[in-house]
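Listed below are the residues making up each chain.
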Amino acid sequence: MKLTVDGQTHEIDVEPNMPLLWALRDEIGLTDPKFGCGMAQCGACTVHIDGNAVKSCVMPVSAVQGEVTTIQGLGDADALHAVQQAWLDHQVAQCGYCQAGQMMAAASFLAKNNNPSEEEIDAAMQSNLCRCGTYPRIRQAVKSAASAMREA
Amino acid sequence: MGKLKTITRRAFLVGTAAVAGGVTFGTYMVNKPHDNPLADDLADTEASFNPWVKISKDGITLITPHADIGQGAKHVQALLLAEELDVNLDQIKTDFGTPSPAYWNTAMGNEGAPFLSTDESIGATAARSMMTALIKVLGMQITGGSSTVPDSFDKLRQAAASARETLKLAAANRTGIEVDKLRTENAQVILPDGTAMSYTDLAAEAASFEPVQNVNLRNPDQWRLIGKPTERLDTIAKSTGRAQFGIDLKLPGLVYAAVKTNPRQGAPMNSFNADSAKSMRGVKQIVPLSNGAAVVADNTWRAFQAVNQIEFDWAEADYPANMDGHWELVESSFQESRLDKLWRDEGDAVTALADTAPITASYKAPYVAHQPLEPLNVTIQFDGKTAEVWTGHQIPQMVQQQVANVLGIEPTAVAFHNQMSGGSFGHRLEFEHIKQAAEIALELQNTPIKLTYSREEDFAHDFPRQIGMARAQGKVSNGHIEAIDIQVATASSSRSQMGRSGMALAGPDSQIVAGVWNLPYNIEHLRVRGYAVEGVAPTSSWRSVGASSGGFFIESFIDELIHAAEADPLAERIRLANTSVTRQVLEAVGELSNWGSEMGANRARGIACVESFGVTCAQVVEVSLQGDKVKIDRVYVVADVGQIVDPVNFENQVQGGVVWGLGHAMNCEITYQDGMAQQSNFHMHTGIRIQQCPEIIVKGLENAQQVKGIGEPPVPPAAPALANAIFALTGQRLREMPFNKSISFV
Ligand code: FES
Ligand code: FES
């Protein structure tokens with residue numbers, strides 16, 4: 001079957017019920033989406049499908065309709081996405097393991113609402129777990145990214 | 001900055017050539033430095049001045065042997081080296097280095113010795129230096145106990161200063177200009193006329209000099225990096241989401257493994273049947289393990305699927321099947337025969353408490369899991385003679401040892417590559433996954449194998465925080481606390497953990513009473529006794545170890561007594577403060593939180609102050625009532641670490657520690673049913689999510705004499721400060737964690 005990820009098309013031969021996460025990580029070799037729980041409890045595996053944040057660990061690869069974007073497709077060190085810039089400015093990360101997923105969740109949410117209230121930020125980010133406890137900084141970074149996106 | 005002017009000089013600077021080795025243990029080994037592991041494979045154009053600095057034509061590499069488990073250890077170590085080497089953080093590379101006794105931890109011994117951090121008596125100092133000597137002889141390179149900064153602060157700066165002065169010597173030799181006319185900046189030696197000679201250019205020449213010893217360290221007012229906000233070296237990778245961890249490792253021909261071992265911790269397997277797993281798609285091999293089985297497949301998910309199809313017959317656990325049995329063992333431990341140690345006996349608590357009916361209370365702390373977000377994983381390859389291992393671990397040499405034991409080779413034949421870790425909190429001090437990977441590698445040679453734990457396997461085999469209880473009696477008079485007699489009974493996580501590595505803990509376990517016996521107050525009549533609970537589930541060090549439960553016990557009871565005395569919780573604590581450091585921490589948290597100000601209806605605050613790992617940390621938690629639910633609005637934190645190395649990372653670590661302490665106290669416990677942990681994934685053991693996270697306001701003080709780490713000290717005060725705030729809000733005293741058993745949170 002065909003999978004388009006970050007603008008590239010990959011031909012993969014896997015079971016239809018293999019979660020997208022494991023097709024990305026072990027078949028295609030894209031390890032930015034992380035494995036944390038395997039049951040939609042932590043958000044470490046968050047990617048976009050046509051811009052919508054999806055937990056790739058519970059998304060059967062056969063159900064993927066549309067283009068997959070990983071954090072690599074969002075931006076890189078030379079061309080940072082507003083969310084990545086905000087994460088950098090606030091030095092959000094501790095271990096960093098959850099952060100690709102956090103940023104993917106934030107980017108998709110802010111694309112739809114670039115002027116969120118505190119409550120809306122918490123609601124949008126609540127399925128992304130950070131065991132290191134970087135939530136205070138995540139809140140600040142989401143607000144900074146929102147204001148950058150409003151000005152853009 | 002406190003009075004950190006006298007630097008203890010430790011004999012550790014080593015030459016460019018390896019120092020002759022020796023096998024005799026004793027003072028000779030203690031006083032002589034370990035060999036420089038970088039000397040072994042240096043190219044002709046490379047110079048290594050000591051185990052932390054390597055310079056070649058192509059660049060400068062700083063070795064940061066303390067494992068980076070998310071706490072920023074790599075950055076802090078590089079920063080300390082860069083400060084004295086006169087290089088900028090963008091001019092260097094870092095490397096975790098190969099495991100070596102040269103990286104023995106000089107600070108860990110301070111925590112292991114059973115003396116109060118304020119105790120500078122001969123006995124205490126002698127015991128600390130004996131522990132330190134022991135760790136050195138064993139060559140223990142270990143990350144833990146918030147010891148990275150204390151271990152590194154002097155040592156790395158001296159190492160870098162020695163390298164810098166040796167480079168100046170080389171420049172002087174080449175130019176004929178006297179050394180004291182030279183200066184250094186930007187990785188260059190600068191001649192009086194402004195000509196710059198780069199370190200990389202001088203490296204090969206510098207290698208022929210004996211390294212300069214007895215170098216003076218810079219005064220704090222000359223620091224360019226220490227104490228200033230810097231960008232963490234891993235921030236770009238982690239902010240772009242491109243950081244790669246052990247679990248992400250790619251190797252040609254890599255195969256993927258999953259395991260299942262007896263969920264009754266430590267118990268054997270009777271038998272298994274893998275017939276249906278064997279034929280599943282992608283499965284390459286089923287490997288029997290000593291207490292379970294592994295599936296090796298061409299994809300991690302396929303390995304997970306297949307291992308779940310194996311039918312196992314597990315043996316019974318050697319601890320009680322259900323929680324009632326565990327708590328019975330805890331409660332029956334308060335007896336003379338189980339006394340681990342009488343830790344404090346000052347004044348006359350027995351007599352003071354005899355005449356009146358004392359105030360009594362008991363408290364409970366459950367098992368809690370570590371569960372860092374990156375599941376345990378390890379990659380290994382064995383060719384029949386030598387092995388390579390890639391994983392994130394806090395004790396590298398023990399990894400080599402454990403792998404070598406399974407494979408029947410020497411530890412020196414095991415190459416270890418430490419990996420960036422997605423958190424640890426004490427979890428990456430364990431070896432079960434590493435031994436299992438080695439068992440698989442023994443069967444499947446010449447193939448790189450990556451073993452990844454499913455979250456369920458990781459939960460099932462998490463050796464949790466110690467279970468425990470405290471029973472306390474106290475007396476107040478004239479508005480003050482007069483006497484406390486507290487008994488603490490917990491599992492000894494230190495003994496359990498060391499036992500798994502075949503080691504014994506000599507003497508009592510100070511972690512049983514951590515946070516309690518070193519309470520930061522002078523109590524007129526004080527008795528503290530610790531009891532070791534035997535026969536419960538195996539446990540291990542969990543971020544802040546004993547103080548995570550002990551801090552809750554003692555600071556809850558102190559609060560109960562203060563309320564009984566009708567005193568102010570902050571004012572009475574300040575009155576009782578044992579040192580000026582404690583007093584200033586308490587005063588600062590009072591000021592920061594505007595203690596005493598009117599809060600309005602349905603709002604309240606609580607305070608707690610705990611010393612752990614030599615750091616006094618006080619917190620004020622503000623809560624409000626929303627309907628019948630409690631919301632945590634704000635936490636104010638003050639901690640004194642003597643010297644803040646990196647203020648950004650300091651704040652982040654403190655906030656993370658508070659979140660950790662609160663989240664688990666509110667929401668988490670591990671319970672056993674039929675000998676197995678009932679919590680299998682984050683939906684049953686979440687910690688905290690963003691919507692429950694309060695605003696956290698942090699202030700660091702630098703009055704303490706010694707430089708200390710901050711990874712753990714913010715954890716212990718969080719739970720009691722929250723419980724004390726909830727009491728102030730609702731009048732309900734929470735004496736058992738997790739609190740969500742008794743109340744609801746927003
Ligand atoms: S791994 Fe997908 S939500 Fe946790
Ligand atoms: S930064 Fe470690 S889990 Fe979020």
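Residues numbered from 1 in each chain as written. Chains lettered and ligands numbered in written order. Predicted model: local features only at pLDDT ≥ 70, side-chain atom pairs only at ≥ 80, totals over all residues. Heavy atoms only, no water.

**Q** Kindly report on the overall build of chain B, identifying the contributing residues and their values.
**A** Of regular secondary structure, chain B possesses 20 helices and 27 strands. In chain B, which comprises 746 residues, the proportion classed as buried is 63%. Relative to all contacts within chain B whose residues are 6 or more apart in sequence, the contacts with residues 24 or more apart total 76%. Summed over its atoms, the accessible surface of chain B is roughly 26,100 Å², and 48% of this surface lies on carbon and sulfur atoms. (Helix = DSSP H or I, 4+ residues; strand = E, 2+ residues; numbered from the N terminus. Buried < 20%, exposed > 50% of the residue type's maximum accessible area, 1.4 Å probe, protein only. Contact = heavy atoms within 4.5 Å. Areas by Shrake-Rupley, 256 points an atom, 1.4 Å probe, with all protein chains shown as cover.)

**Q** Account for the sheet that holds strand E5 (residues 183–185) of chain B, with residues named and values stated.
**A** All names here are of chain B. In space, the three strands of this open sheet follow the order E5-E6-E7, with antiparallel pairing throughout. Each of the sheet's edge strands pairs with one partner strand only, and the pair in question is E5 and strand E7 (196–198). Averaged over all pairs of adjacent strands, the angle between strand axes in this sheet comes to 30°, irrespective of strand direction. Bridge count between E5 and strand E6 (residues 188–190): three bridges; the pairing is antiparallel. Bridge assignment links Thr184 to a residue of E6, and that residue is Val189. Against the sheet, helix H6 (residues 199–206) makes contact with E5, E6 and E7, and its axis sits at roughly 65° relative to E7, the strand it touches most. (Pairing = 2+ DSSP bridges. Axes fitted to C-alpha atoms, helices over the stretch in contact; angles between N-to-C directions.)

**Q** A description of the interface of chain A and chain B should follow, citing residues and the corresponding values.
**A** In this assembly, 55 residues from chain A lie in contact with 64 residues from chain B. Together, the buried faces of chain A and chain B total about 4,900 Å²; carbon and sulfur atoms form 53% of this surface. Contact with chain B buries surface across chain A, with A:Gln91, A:Gln94 and A:Arg131 losing the most and accounting together for 17% of the total. Our enumeration of links across chain A and chain B arrives at eight salt bridges. Notably, a salt bridge pairs A:Arg25 with B:Asp248, separated by 2.9 Å at the nearest N-O pair. Listed by contribution, the elements that provide at least two residues to the side of chain A that touches chain B are helix H1 (20–28), helix H2 (71–74), helix H3 (82–89), helix H4 (99–112), helix H5 (118–125) and helix H6 (135–151) of chain A. (Buried area = accessible area lost by both parts, 1.4 Å probe. Salt bridge = Lys/Arg side-chain N within 4 Å of Asp/Glu carboxyl O.)

**Q** Report on the pattern of salt bridges, specifying residues and quantitative values.
**A** A side chain of one charge can pair with a side chain of the opposite charge if their charged atoms are brought near each other. Residues and elements named next belong to chain B. Using the criterion set out here, one finds 48 salt bridges over all chains in the structure. Here Glu178 ties to Lys181 by a salt bridge, and the two come within 3.7 Å at their closest N and O atoms. For Lys181, a relative accessible area of 49% gives the class partly exposed. In this structure, the salt-bridge partner of Glu587 is Arg583, at a minimum N-O distance of 3.6 Å. On the criterion of helical spacing, the pair formed by Glu587 and Arg583 is a turn pair, its members being four residues apart in helix H18 (residues 580–592).

**Q** Pulling in residues and values, what's your account of the sheet that holds strand E24 (residues 629–640) of chain B?
**A** Residues and elements named next belong to chain B. Read across the sheet, four strands follow the order E22-E23-E24-E27 without closing on themselves; strand pairing throughout is mixed. Strands at the two margins of the open sheet, each flanked by one partner only, are strand E22 (603–612) and strand E27 (695–701). Direction aside, neighbouring strands of the sheet carry axes that sit 15° apart on average. Relative to E27, E24 is paired through seven bridges, and the arrangement is parallel. Bridging across to E27, Ala639 finds its partner in Gly700. Contacts from H18 reach E22, strand E23 (615–626), E24 and E27, with the element oriented near 140° to E24. Contacts from helix H20 (residues 718–730) reach E22, E23 and E24, with the element oriented near 155° to E22.

**Q** Pulling in residues and values, what's your account of the nonpolar core?
**A** A:Leu20, B:Ile486, B:Leu722 and B:Phe739 are the most contacted members of the largest nonpolar core, which has 186 residues in total. Once residues lying within four places of it in the same chain are set aside, the contact partners of B:Ile486 are B:Ala470, B:Arg471, B:Ala472, B:Val516, B:Arg527, B:Val528, B:Arg529, B:Phe553 and B:Ile554. B:Ala159, B:Ala171, B:Ala187 and B:Val645 belong to the second-largest nonpolar core, a separate cluster that totals 40 residues. (Core = buried A, V, L, I, M, F, W, Y, C linked by side-chain atoms within 4.5 Å.)

**Q** I'd like a rundown of the pairing of strand E17 (residues 414–418) of chain B, residues and numbers included.
**A** All names here are of chain B. Residues Val414, Phe416 and Asn418 of E17 are buried on one face, while the alternating residues Ala415 and His417, pointing to the opposite face, are not. Pairing analysis gives five bridges linking strand E16 (residues 387–391) to E17, with the strands arranged parallel. Directly across from Val389, in E17, lies its bridge partner Phe416.

**Q** Quick one: what's the story with the packing of H3(A) against H4(A), residue by residue and with numbers?
**A** All names here are of chain A. It is the contact of H3 with H4, at a shortest axis distance of 9 Å, that shows an interaxial angle of 130°. Relative to H4, the element H3 lies oblique. When you trace H3 past H4, the crossing you get is right-handed. Counting all contacts with H3, which are made through Val83, Gln84 and Trp87, the residues of H4 involved are Gln99, Gln102, Met103, Ala106, Ala107 and Leu110. Each residue belonging to the contact of H3 with H4 can be placed in one class, and the counts come to six nonpolar, three polar and no charged. (Parallel < 35°, antiparallel > 145°, perpendicular 65-115°, else oblique. Left-handed = near helix turned anticlockwise from the far one by under 90°. Nonpolar A, V, L, I, M, F, W, Y, C, P; charged D, E, K, R; others polar.)

**Q** Explain the domain arrangement of chain B to me, and be specific about the residues and the numbers.
**A** Residue and element names in this part refer to chain B. The domains assigned to chain B are domain 1 (11–239), domain 2 (246–317 + 376–452) and domain 3 (323–368 + 464–741). Contacts between the two partners involve 17 residues from domain 1, matched on the other side by 14 residues from domain 2. Carbon and sulfur atoms supply 61% of the area buried between domain 1 and domain 2, which totals about 1,200 Å² over both sides. Summed over the shared surface of domain 1 and domain 2, the number is zero salt bridges. (Domains from an automatic or database assignment.)

**Q** Could you give an account of the domain arrangement of chain A, with specific residues and numbers?
**A** Residues and elements named next belong to chain A. Looking at the assigned domains, one finds that chain A contains domain 1 (2–73) and domain 2 (82–151). Of note, the centres of domain 1 and domain 2, computed from C-alpha atoms alone, are 21 Å apart. If you look at the interface, domain 1 gives 17 residues, while domain 2 gives 13 residues. Interface area for domain 1 against domain 2, summed over the two sides, is near 1,200 Å², with a carbon-plus-sulfur share of 58%. Where domain 1 packs against domain 2, one counts zero salt bridges. Our count for the contact surface shared by domain 1 and domain 2 stands at eight residue pairs in polar contact (both at pLDDT 80 or more). Taken together, the residues that form the side of domain 1 that touches domain 2 break down as six nonpolar, eight polar and three charged. (Polar contact = N/O pair within 3.5 Å; in protein donor to acceptor, adjacent residues only side chain to side chain.)

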